[in-house]
Amino acid sequence: MVSIAPSDSTDPANPVLTNYKNLYKDNKEHIDWVDYQFYDQTVSTTHAFVNLYRSLSDFFSVKKLLAGYSTDPDDAGKISQKVFFEGCEILLRSDSLPGIFVWDANDSKVLEEPYYVEIKAQQLLTKSED
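Rules of the game
- Residues numbered from 1 in each chain as written.
- Predicted model: local features only at pLDDT ≥ 70, side-chain atom pairs only at ≥ 80, totals over all residues.
- Heavy atoms only, no water.
- pLDDT = per-residue confidence, 0-100.
- Helix = DSSP H or I, 4+ residues; strand = E, 2+ residues; numbered from the N terminus.
- Phe/Tyr/Trp six-rings, centres within 6.5 Å; stacked < 30°, edge-to-face > 60°.
- Buried < 20%, exposed > 50% of the residue type's maximum accessible area, 1.4 Å probe, protein only.
- Lys NZ or Arg CZ within 6 Å of the ring centre and 35° of its normal.
- Contact = heavy atoms within 4.5 Å.
- Expected span 1.5 Å × (residues − 1).
- Arc of directions from axis to C-beta.
- Pairing = 2+ DSSP bridges.
- Axes fitted to C-alpha atoms, helices over the stretch in contact; angles between N-to-C directions.

**Q** Help me understand the confidence of the model for the protein chain, please; the structure alone is not making it clear to me.
**A** Across the protein chain, pLDDT averages 93, with 99% of residues at or above 70. Mean pLDDT across the elements of the protein chain ranges from a minimum in helix α4 (residues 105-108), with 91, to a maximum in helix α3 (residues 81-93), with 97.

Here it is as structure tokens:
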């Protein structure tokens, strides 16, 4: 199993997403999952999140593109839990989201509500409330 974890850099001298797109284009038959790091860029609305996901799925196969969320305090403020989960719900309803990637369990375990993001993601993906 091979996965890549692209993101978009705000630094024009560091074309991270372009490099990952080239890697994917040249090796897509060997790449099982694309764990896109939505938390590496500012996404302030649900609409923007859904549009960004859909534009990325035009390049990376929608069957392989996971939505990534971070519980690392250094990533806080770039995309809210509310925006992320509302966007994921919309994408799941349209069968456009195969899964969710959460980084990082070490940070999640010390949150006020430990592992909340992982539990919420699991509930969304399994359509359960437990």
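So much for the structure itself; the text now carries on.
**Q** Could you clarify how one ought to interpret the packing of aromatic side chains in this entry?
**A** Evaluation of the coordinates by the stated rule reveals 10 aromatic pairs. Between Phe 38 and Phe 49, the ring centres sit 4.8 Å apart and the planes meet at 55°, which makes this aromatic pair tilted. Of this pair, Phe 38 sits in the loop between β2 (33-37) and α2 (46-59) while Phe 49 is found in helix α2, placing the two residues 11 residues apart along the sequence. Overall, Phe 49 belongs to the buried group, its relative accessible area being 0%. The ring of Phe 59 is capped by Lys 21, whose NZ or CZ atom sits 5.2 Å from the centre of that ring. A cation sits over an aromatic face here: Lys 120 above Phe 85, 6.0 Å from the ring centre.

**Q** Can you help me understand the environment of Lys 109 in this one?
**A** Secondary-structure assignment places Lys 109 in the loop between α4 and α5 (116-126). In this structure, the C-alpha to C-alpha distance between Lys 109 and Thr 71, residues 38 residues apart in sequence, is 9.5 Å. Apart from residues lying up to four places away in sequence, Lys 109 is in contact with Pro 114 and Tyr 115.

**Q** Can you walk me through helix α1 (residues 16-27) in this structure?
**A** Each full turn of the α-helix corresponds to 3.6 residues, which orients residues three or four apart in the same direction. The terminal C-alpha atoms of α1 lie 16 Å apart, and with 12 residues this matches the ideal 16 Å at 1.5 Å per residue to within 8%. Where α1 is concerned, the buried positions are Val 16, Leu 17 and Tyr 24. Around the axis of α1, the buried residues are gathered within 90° of arc, so they sit on the same side. Looking at the buried side of α1, the elements it contacts are β1 (3-4), β2 and α2.

**Q** What is the right way to look at the sheet that holds strand β4 (residues 100-103) in this model?
**A** Think of a sheet as strands paired side by side through backbone hydrogen bonds, with each pair either parallel or antiparallel. In space, the 4 strands of this open sheet follow the order β1-β2-β3-β4, with parallel pairing throughout. Every other strand in the sheet has two partners, leaving β1 and β4 as the edge strands with one partner each. Pairing of strand β3 (residues 65-70) with β4 involves 4 bridges; the strand directions are parallel. Each bridged residue has a counterpart across the sheet, and for Tyr 69 the counterpart in β4 is Val 102. On top of the sheet, α3 reaches β3 and β4; it is set at about 160° to β3, its chief contact.

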